[in-house]
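# Residue-level structure breakdown
One-letter residues, chain by chain:
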Amino acid sequence: MERRAPSPRVRRVRVPSFLAGRCVPSDPGPLLHHPGSRRHTGKMAALLPAEWIKNWEKGGKNEFVQLCRTLSENKSHDNMGFRDIQQALYELAYHVVRGNLKHDQASNVLGDVIEFREDMPSILADVFCILDIETSCLEEKSKRDHFTQLVLACLYLVSDTVLKERLDPETLESLGLIKQSQQFNQKSVKIKTKLFYKQQKFNLLREENEGYAKLIAELGQDLSGNITSDLILENIKSLIGCFNLDPNRVLDIILEVYECRPEYDDFFVPLIESYMYMCEPQTLCHILGFKFKFYQDPSGETPSSLYRVAAVLLQHNLIDLEDLYVHLLPGDNAIIEEHKREIVEAKQIVRKLTMVVLSSEKTEEKEKEKEKEEEKTEKPPDNQKLGLLEALLKIGDWQHAQSIMDQMPPFYATSHKPIAIALCQLVHVTIEPLYRRVGVPKGAKGSPISSLPNKRAPKQADSFEDLRKEVFNMLCYLGPHLSHDPILFAKVVRLGKAFMKEFQSDGSKQEDKEKMEILFSCLLSITDQVLLPSLSLMDCNACMSEELWGMFKTFPYQYRYRLYGQWKNETYNSHPLLVKVKAQTIDRAKYIMKRLTKENVKPSGRQIGKLSHSNPTILFDYILSQIQKYDNLITPVVDSLKYLTSLNYDVLAYCIIEALANPEKERMKHDDTTISSWLQSLASFCGAVFRKYPIELAGLLQYVANQLKAGKSFDLLILKEVVQKMAGIEITEEMTMEQLEAMTGGEQLKAEGGYFGQIRNTKKSSQRLKDALLDHDLALPLCLLMAQQRNGVIFQEGGEKHLKLVGKLYDQCHDTLVQFGGFLASNLSTEDYIKRVPSIDVLCNEFHTPHDAAFFLSRPMYAHHISSKYDELKKAEKGNKQQHKVHKYITSCELVMAPVHDAVISLHLPKVWDDISPQFYATFWSLTMYDLAVPHSSYDREVNKLKVQMKAIDDNQEMPPNKKKKEKERCTALQDKLLEEEKKQLEHVQRVLQRLKLEKDNWLLAKSTKNETITKFLQLCIFPRCIFSAIDAVYCAHFVELVHQQKTPNFSTLLCYDRVFSDIIYTVASCTENEASRYGRFLCCMLETVTRWHSDRVIYEKECGNYPGFLTILRATGFDGGNKADQLDYENFRHVVHKWHYKLTKASVHCLETGEYTHIRNILIVLTKILPWYPKVLNLGQALERRVHKICQEEKEKRPDLYALAMGYSGQLKSRKPFMIPENEFHHKDPPARNAVAATVQNGPGGAGMPTSVTINTVRLEEGTTEETDKLKEKSQGVVKVINKAVNATPKVTTSNGNSASNSKIIKEKDDKEKSGKEKDKEKKDKTPAATPEMKALGKDGKDKPKEERANKDDKAREIKEKTPKSDKEKEKVKKEEKASKEEKSKTVVTIIESKSTAEKEREKEPSRERDVAKEMKSKENAKGGEKMPVAGSLKSPVPRSETSESEREQKRRKVDTHSSPSHSSTVKDNLNELKDSSAKHYINHTTPTLSKSKEREVDKKDLDKSRERSREREKKDEKDRKDRKRDHSNSDREVPQDSTKRRKEENGTTGSSKHSKSESPSDSPRLNEKEKEKNKSKSSGKEKGDSIKAEKMEKSSSGSKKESRHDKEKTEKKEKRDSTGGKEEKKHHKSSDKHR
């Protein structure tokens, strides 16, 4: 059916449900589709096609019936099927209305269809209803008639009643279903009124006033008599029956009366209970619900009496909470929303407080806030749930109260003060009996609380176990709102204290212990969730804070700190109130900290105290953050913390540890070379605050220990500060010598003169620190961890870090160990110390403690032990004689130290003990400066200070007399103490020296050699200890002097000093900054001693002249003291000292020129320390000054710290310049000739005239066997190789190169000797691998030279030297040397030194080639040895030629040796060499020009006189040779001036003492030509001398290196023979034989 446009007239009417919401037009077309229609187009297909209507009888009817059947059966989409049927019927009816179909045809088909669905009549009635409305609107009468006919035809299908419901009264009237439509309307109105508005009975009081009046009288009578609820109930029943009262209304009245008479619970509850048997169970709940609803207006307020009645009924289970809960407002959702809103508001407040607000904005904001607050003050709507909850708590119904609180957000209910107070009251009642029994403090009365009359209230607690059942639960619901009741807070805390007392007492059974453990964990939870948050909300209640500390101090610090951590980091976010409090605290803290200064510490301190009572964690967190930024706040903050409670101090300790452990903070500055300033500030604050206030230290100390365990040493800074401030023990490298001296005295002297600040009143704080360490067993672990961590810093922690930082951390670790060990030693009792520190072997072998640290820890223990043993022996036997006392002291030492001697044996390899005894080793490590010397000057200084103080007190007119008296008494007491202490120390030192005197003979065994003994002594004793601490540095120097003064057998003082001064480069380079400072102190003290001996012949003769340490025959084991000739004489000693100064200069210059940060920094530190005694010689000082000036220029921009050091040193050096002396005043360069010659005659190879050579011979002889040389090799190779190279290289620098003939002569002679002797040196280099540069050069050539060419050696050497500078480096060297020659003429040393450094580098590059050469040389030498001997021995000597020549050769070799290897093993020989040369008048290069000319002439003449008779022929040959050489030399000079200068430098630097001396006075160079001329004049004499000496040197070097040679014994014998027969002849023979070679 086609859709038609609607007619213009449309009216809106009420329509049936299936068409609800649609517009009803005159044309039904649009109404035909239903909402779920499948047709979405504008037109809608009709269900009844027009064809069906046309052919109705034929097939249309059947089709329609079939359609209806299909639609009825389709139940999958019920709604759609329903709509489709409606539409089908509607379309059918519509066709009838339009006249397309007859009404009877329609009624027939509808009759067939009606049975398809049960609701078909109703659907049809709906369709009629729609059509009724539509047709009534139409003007066409015919359509309306068709409709009525259709309805009439269908009346049998739809019942009348349905049609009456749905059709209009007019239509019904026209259909004849009703008589009159008007009457019908009136009747329906009446029925509706009767149904909905008319009541038969209203049940109002006025209707039955008598009955209700009697009811109220019954309930309101006096109930005190024998009236029971049962009796009253019977009466009520009668009244209900008699007056026909409504039972529900009666129940309501009973409740009303109960509200007014709340005291009669016992009457009304049973009454209501009995009454309820007659009602439905829900009735009571509904009635209560209506009562609550009545008060739910915004302005209504529910009376508390109603809440109470409801609560009692709930408690007696007369109603269910779930049933009543739904009647109460507000809803749970509203409560949750409100809670969220509170949190948001709190956060906004926080945001506002943390924002920076400008002043103009502030005023506006304040106004807005005021408005908001006014809005808030409007009364919030009544919360009936909370009112009921409060009532439940008041009557003690905890179960129901709990279930109400569970429905709400946490702490929402208790955030309302009445509820919190009600709950607190309930807790008061519950804990009362237990509190009275265990919690009331002594002497307190308290006000007892009566229990609730209610039997259903929670059971009162009689034991701690009862607390767990209910009370802890109640407290958890209370949370932070316990703050409303401080009295309850105190009670709970006191119960906790009582519980902890019981918990910590032993003696309970296992079961009880488990229960107690559970209770303890509950107590911790309560503390975390209730007590601490409540404290935050209390208004600065210091008493509560102290009360809480009473309980807290019984917890181990681990638990306390965990609680503080939760409190600080979590609790404040759990509740809106706490969020606000946190923000306000921070705001207030900012206010106070902005205004805190030194001047207003007191008022600010009070404010801080107030704020800290409630919220310490937040406050301290902020204060610490400020301290980390501004370290100038430390002092005022520390002073302002005096108003804190004990709990707050403990919290402060926790906050400090947390700040230290903050993982987000970097412990290094951005440059990665220094520790961050925040860490330094915190450490400083730590020290100050822990010293001043009684804060527990255990946590902090454990934190440091844990960091050390984890391999992190940054936090040692904290330990260092704490020990320094609390114990007054400072660790500083900047101590003056006066302070250091004071530190070697007793405790009183240390306190008075040893520290920078007068650290007083540390007794209490150091006791606290000691107790903390002992109670938690941290003393030894911290020591061991620090000792192990020193190496950990380098090898584990320092991997990625900057070297400078690693050094700093190492120093910090080491300094803290020294400081901490010092603290333990001075504060622990003997028993405590001995109990905790294990024996030395256990420390080293099991705990892997480095030996120096192990002895450092054990040393006080030995001292304690010995003194206690000594006291015992003194008491046991009362002999007052000094001798008896000394004997007892020695006995006690032996008793204590014997086990130590046994223990130390395991610390080193067995062969160590061949040279030094365990006793010596233990003695060295166990003594201190206190034992060796009394600092009299320090004692005098401090006593004088006190006298001055006393005088000042006397003169002070303003001081009140009683104060004067006190001060004077204090000074006098101190003075007496110091004098007593001095006396005591003096006695002690005397005893120690006696003991050492007895021990000394067993100290040094020297089973190998004295040289080896010195090596062991330096390696195992001196070097490790001299860099341990400043006092140890001084101790080491004193100990060396002491061993010398004690005339200890087998101890060569000369060798020892020589080894210390000769090669300091590697020692210096391997030090950290502080170690360099200590090493400098050590060298300073050593130099002081040497300078004292050097300064005056009398002192030297007295202190060294007759001492075995200055024996030049090193093989002599015993010492008879009779042979003065074997001693080093004063002049030669001065030469040696000059050589040491020279060596120090050489090393210093080398370090300064490396460009390495560590080398330069360390050498500058060392030089600054030794400034009082070095440099003394002017030219050495100038050389240093130039180098340092250069450093200043180079480092100004690059490395400012080096620049600062260099500038500092430079200034001090300049100020020392007036005290420097020229070299010829420092030592006589040309000692008198006669003595020297005489000496050589007397003693031959061992004579005093040539002490250095002698020492060297003897050293070499001592090292007689191959095994020993191997040992030496092993020990010295590692370090010595390197050292030798460096040192070998250095001498080049210092030589000054003139073109003198004498120089060239010497060079030629040296070349000769070196070709034979240096080959031997190379053998030696393999053993103690150090060879002079010349040797290396010669060694290369030596390979190529056959034996026959020996005669031409000089020329070849020259050629070779000319060839050498071919490599790039050599070319650079050549250039440098060109400059050098120019500058030498203008008297500068700078370029010489530079050329040295390049030469060194070059040499260091060729060690392997040298080694090969050395091997070849060895083989050649073995052959050559045979050839040489017969020639050498051709003159008249009483000894067979071969032997004499050999022994002389050894001497010569040794001379060469001394120069060639400045390694530790041969440095002494070096000195002695130089001495020998000097005594043999070979100071050619050494001397200042004028002196050298005259003296040399004299010496040469004398020598010539003595030797001419024997060797005139040889002299002639020599002269010829020299002339040839001179010619060659001058030619070579012309051709390759650079090469020759270089060659000269090398030779001068390393082959003879003369070279050293020359280098030492760089100013000599220009005048060398004169010298050469003079030397030409005395060619014969000079040459002989030079040759003989050099030959001896060669022989020495070969014999030294070939320690194994068969002839060793023969040599010594021959030397002795030569002593008697005279060595002159032999020397000359040698010279001649040498020349032949």
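All values derive from a computational prediction rather than experimental measurement.

According to the stated counting rule, one finds 49 salt bridges in the structure shown. Asp466 is the partner of Lys469 in a salt bridge, and the nearest nitrogen-oxygen pair spans 3.4 Å. Remark: Asp466 and Lys469 occur in helix H22 (residues 464-478); sequence separation between them is three residues, near one turn of the helix. With a closest N to O distance of 2.6 Å, Glu658 and Lys568 form a salt bridge. Taken together, the positions of Glu658 in helix H31 (residues 646-660) and Lys568 in helix H26 (residues 557-569) put the pair 90 residues apart, joining distant regions of the chain. The exposure class assigned to Lys568 is buried, which follows from its relative accessible area of 10%. A single network of salt bridges, built from pairs that share partners, joins Arg249, Asp252, Glu256 and Lys291.

Counting through the fold element by element, Val904 comes out in helix H43 (residues 882-904). Of the residues examined, Val904 reaches a relative accessible area of 0% and is grouped as buried. Sequence-wise, Val904 and Asp841 are 63 residues apart; in three dimensions their C-alpha atoms are separated by 6.3 Å. The residues contacting Val904, other than those within four sequence positions of it, are Ile840, Phe855, Trp913, Pro918 and Tyr921.

Within the protein chain, residue pLDDT values average 74, and 68% of them lie at 70 or more. Across residues 1116-1122 the pLDDT falls below 50, and counting only partners more than four positions away or on other chains, this stretch makes nine contacts in the model. Counting interchain partners and residues more than four positions distant, the pLDDT-below-50 stretch residues 1529-1637 has 444 contacts.

What follows deals with the nonpolar core. Formed by 316 residues in total, the largest nonpolar core has its most connected members in Leu388, Phe685, Leu782 and Phe1082. Tallying contributions element by element places H31 first for this core, with eleven residues. Contact partners of Leu388, with chain neighbours within four places excluded, come to Tyr307, Ala310, Ala311, Leu314, Leu321, Leu324, Leu328 and Ile404.

In this section: a nonpolar patch on the surface. On the surface, a cluster of nonpolar side chains totalling about 540 Å² of accessible area is made up of Ile191, Leu195, Phe196 and Tyr197. Among the secondary structure elements, Tyr197 is positioned in the loop between helix H9 (181-196) and helix H10 (209-220).

There is a patch of like negative charges on the surface, built from Glu502, Glu511, Asp512, Glu514 and Glu517. Of the residues forming the negative patch, the biggest block, four residues, is contributed by helix H24 (residues 510-537). Note on placement: Glu517 falls in helix H24.

Our next topic: the packing of aromatic side chains. Across all of its chains, the model carries 50 aromatic pairs by this definition. On the basis of an interplanar angle of 15° and a centroid distance of 4.8 Å, the ring pair of Phe503 and Phe520 is categorised as stacked. Taken together, the residues Phe503 in helix H23 (residues 486-504) and Phe520 in helix H24 connect sequence positions 17 residues apart. On the accessibility criterion, Phe520 (5% relative accessible area) is buried. Put simply, the rings of Phe464, Phe499, Phe503, Phe520, Phe552, Phe555, Tyr557, Tyr559, Tyr561, Tyr564 and Tyr654 pair up and form one aromatic cluster. Positioned over the ring face of Tyr591 is Arg595, at 3.8 Å from the centre of the ring. Over the aromatic face of Tyr1107 sits the side chain of Lys1047, whose NZ or CZ is 4.7 Å from the ring centroid.

Analysis parameters
Residues numbered from 1 in each chain as written. Predicted model: local features only at pLDDT ≥ 70, side-chain atom pairs only at ≥ 80, totals over all residues. Heavy atoms only, no water. Salt bridge = Lys/Arg side-chain N within 4 Å of Asp/Glu carboxyl O. Helix = DSSP H or I, 4+ residues; strand = E, 2+ residues; numbered from the N terminus. Buried < 20%, exposed > 50% of the residue type's maximum accessible area, 1.4 Å probe, protein only. Contact = heavy atoms within 4.5 Å. pLDDT = per-residue confidence, 0-100. Core = buried A, V, L, I, M, F, W, Y, C linked by side-chain atoms within 4.5 Å. Patch = residues over 30% accessible without salt bridge, like charges linked within 9 Å, V, L, I, M, F, W, Y side chains within 5 Å. Areas by Shrake-Rupley, 256 points an atom, 1.4 Å probe, with all protein chains shown as cover. Lys, Arg positive; Asp, Glu negative; His and termini not counted. Charge placed at Lys NZ, Arg CZ, Asp CG, Glu CD. Phe/Tyr/Trp six-rings, centres within 6.5 Å; stacked < 30°, edge-to-face > 60°. Lys NZ or Arg CZ within 6 Å of the ring centre and 35° of its normal.

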